[in-house]
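One-letter residues, chain by chain:
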Amino acid sequence: MQRRFRGPPTAAIVVAVGVIEVVGTVFASARQPDHRPLDALAFVLLLAGPASLSLRRRAPLVMLPVAASSVGTYLALGYAWGPVFLSLALAIVLSAAAGKRWQTWTVAGACAAVLVAAAVAGGDEFALVRAFAGTSWLAILVLMGEGIRLRTERVAERRRQREAREQAARDEYRLALARDIHDVVAHSLSLINVRASVALHLGEKDPAQFRPALEAIKAASKESLAEIRQLLGVLREDAPLSPAPPPRLDRVPALADDARRAGLEVSLTQPDTAAVQQLPDTVQEAAYRIVQEALTNVVRHSGGRKAAVVIALERPTAARNQGQQLTVTVDDDGAGAAGVPEGNGVTGMRERAAAVGGSLSVGSLDLAPLRPGWRVRAVMPVAGPPAAPLPAPERETR
């Protein structure tokens, strides 16, 4: 993680200011014989101001009063003028930059009041001009600190926003990988489990059932391993694999065949291949995964024997929306999941539909009196201008 730059080291600031104040004041005192000579107390006061700057991060509330007191005491004792004001100026800037606004303005105002009072008491005609100049510099120093504070806050806010965007992107990436892994593993393992159970149950009475069951298990495991290998390749940056193309709706018939091999009667109705090819890849992948998860749930949980998959392109009835929408409906005659909390599969279907601007609904379906049923329906808008005619002919496979 990149470290944030927080300015020069405090020790360097303290040493530099201390050297400037001591050396500069020594040279300045040589030209001011009418002032009090420098002694041990003078050097202590000259170093107290720079030393207070060491508190700029640990105790900023103490830094400014200490610097102001040391400078005020030094001048009150009549020592020679010089760069003794440097530590006070930096303390004002650093205090304002640290967000101690009221304290900074209070100390700066007190210093300005002292300057004006000294000018009035001295009776010098230029004293008020110098006091006004000093007061103006005090205000400038406070405003400099405020500017540094505002800039620091803006930089920190931009950093927080950037980190929030990066975290959201990472979270979305992890969710996408989790959905893909869940869909691939759950679908393939469900088919393998069902076919293995059928082979064990019927294999002793009819050995001919072994071969188709093993072929189905082999095909399902091969496809699952290929997809999992691609997903793991994305996670391993040291050994990247070429990204696999996203599943499209032309592979839905293969899902229906897999479900049929698992013992489920599946009917499939979908638009012409030419109309499907024009749909965005994201919409096709979402529709494919929803059909995959819905059929997997029928095989694993519902106990149904029949399922109907209907994929259609429709034009919304709302006048403001002139585009098309893709609807995916999977009905089955099983018990469904009434009264059962939604698992990762249904949550993943909802997220996939929402990712392309659509919605998903699940609920019971009354097929006939005393006959349960369950429906999964997704509605996803198709981006871009609508095609001229809606594809009227549809093909149905059983």
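On a predicted model such as this, the values are computed, not experimentally measured, just so you know.

(A) Layout of the pairing of strand 5 (residues 374-382). Here strand 5 shows one buried face, formed by Trp 374, Val 376, Ala 378, Met 380 and Val 382, and one open face, formed by Arg 375, Arg 377, Val 379 and Pro 381. Pairing of strand 3 (residues 324-332) with strand 5 involves nine bridges; the strand directions are antiparallel. Following the sheet pairing, Asp 332 is matched in strand 5 by Trp 374. Across six bridges, the pairing between strand 4 (residues 359-364) and strand 5 is antiparallel. Looking at the pairing, Ser 361 lines up with Arg 377 of strand 5.

(B) Here's a closer look at the packing of aromatic side chains. In the structure shown here, the tally under the stated rule is two aromatic pairs. Their ring planes at 45 degrees and their centres at 5.5 Å tell us that Trp 81 and Phe 85 sit as a pair that is tilted. Taking the relative accessible area as the measure of exposure, Trp 81 reaches 45% and is therefore partly exposed. According to the relative accessible area criterion, Phe 85 is partly exposed, its value standing at 32%.

(C) Broad picture of the pattern of salt bridges. On inspection of all chains with the given rule, the structure shows eight salt bridges. In this structure, Arg 101 and Glu 146 form a salt bridge, with 3.1 Å as the shortest nitrogen-oxygen distance. Here Arg 101 is found in helix 5 (residues 101-122), whereas its partner Glu 146 is found in helix 6 (residues 127-202), with 45 residues between them in sequence. Residue classification places Arg 101 among the partly exposed positions, given a relative accessible area of 43%.

(D) Region of interest: a nonpolar patch on the surface. A cluster of nonpolar side chains, contributed by Val 15, Val 19, Val 23 and Phe 27, occupies part of the molecular surface with about 390 Å² of accessible area. Looking at the element boundaries, Phe 27 is found in helix 1 (residues 10-29). Residue Phe 27 is classed as exposed on the basis of its relative accessible area, which comes to 62%.

(E) Local environment of the nonpolar core. Membership of the largest hydrophobic core comes to 37 residues, with the highest contact counts inside it found for Ile 290, Leu 295, Leu 326, Val 328 and Met 380. Elements represented by at least two residues in this core include exactly helix 8 (252-261), strand 1 (265-271), helix 9 (273-277), helix 10 (281-302), strand 2 (306-314), strand 3, helix 11 (344-355) and strand 5. In terms of residues, this core owes the most to one element, helix 10, which gives nine residues. Leaving out residues up to four positions away in the same chain, Met 380 has contacts with Val 283, Ala 286, Ala 287, Ile 290, Gln 325, Leu 326, Val 328, Ala 353, Val 356 and Gly 358. Membership of the second largest hydrophobic core comes to 28 residues, among which are Val 17, Leu 64, Ile 92 and Leu 141.

(F) Structural context of the packing of helix 2 (residues 40-52) against helix 3 (residues 60-76). Relative orientation of the contacting elements helix 2 and helix 3 amounts to 160 degrees, with a least axis distance of 8 Å. When the axes of helix 2 and helix 3 are compared, the pair comes out roughly antiparallel. The handedness of the crossing between helix 2 and helix 3 comes out as left-handed. Counted together, Ala 42, Leu 45, Leu 46, Ala 48, Gly 49 and Ser 52 of helix 2 and Met 63, Val 66, Ala 67, Ser 70, Thr 73 and Tyr 74 of helix 3 form the full contact between these two elements.

(G) Expanded view of helix 1. Across its 20 residues, helix 1 extends 28 Å between first and last C-alpha, which sits within 8% of the 28 Å expected from 1.5 Å per residue. Packing partners of the buried residues in helix 1 comprise helix 2, helix 3 and helix 4 (85-97).

Thresholds applied
- Residues numbered from 1 in each chain as written.
- Predicted model: local features only at pLDDT ≥ 70, side-chain atom pairs only at ≥ 80, totals over all residues.
- Heavy atoms only, no water.
- Buried < 20%, exposed > 50% of the residue type's maximum accessible area, 1.4 Å probe, protein only.
- Helix = DSSP H or I, 4+ residues; strand = E, 2+ residues; numbered from the N terminus.
- Pairing = 2+ DSSP bridges.
- Phe/Tyr/Trp six-rings, centres within 6.5 Å; stacked < 30°, edge-to-face > 60°.
- Salt bridge = Lys/Arg side-chain N within 4 Å of Asp/Glu carboxyl O.
- Patch = residues over 30% accessible without salt bridge, like charges linked within 9 Å, V, L, I, M, F, W, Y side chains within 5 Å.
- Areas by Shrake-Rupley, 256 points an atom, 1.4 Å probe, with all protein chains shown as cover.
- Core = buried A, V, L, I, M, F, W, Y, C linked by side-chain atoms within 4.5 Å.
- Contact = heavy atoms within 4.5 Å.
- Axes fitted to C-alpha atoms, helices over the stretch in contact; angles between N-to-C directions.
- Parallel < 35°, antiparallel > 145°, perpendicular 65-115°, else oblique.
- Left-handed = near helix turned anticlockwise from the far one by under 90°.
- Expected span 1.5 Å × (residues − 1).

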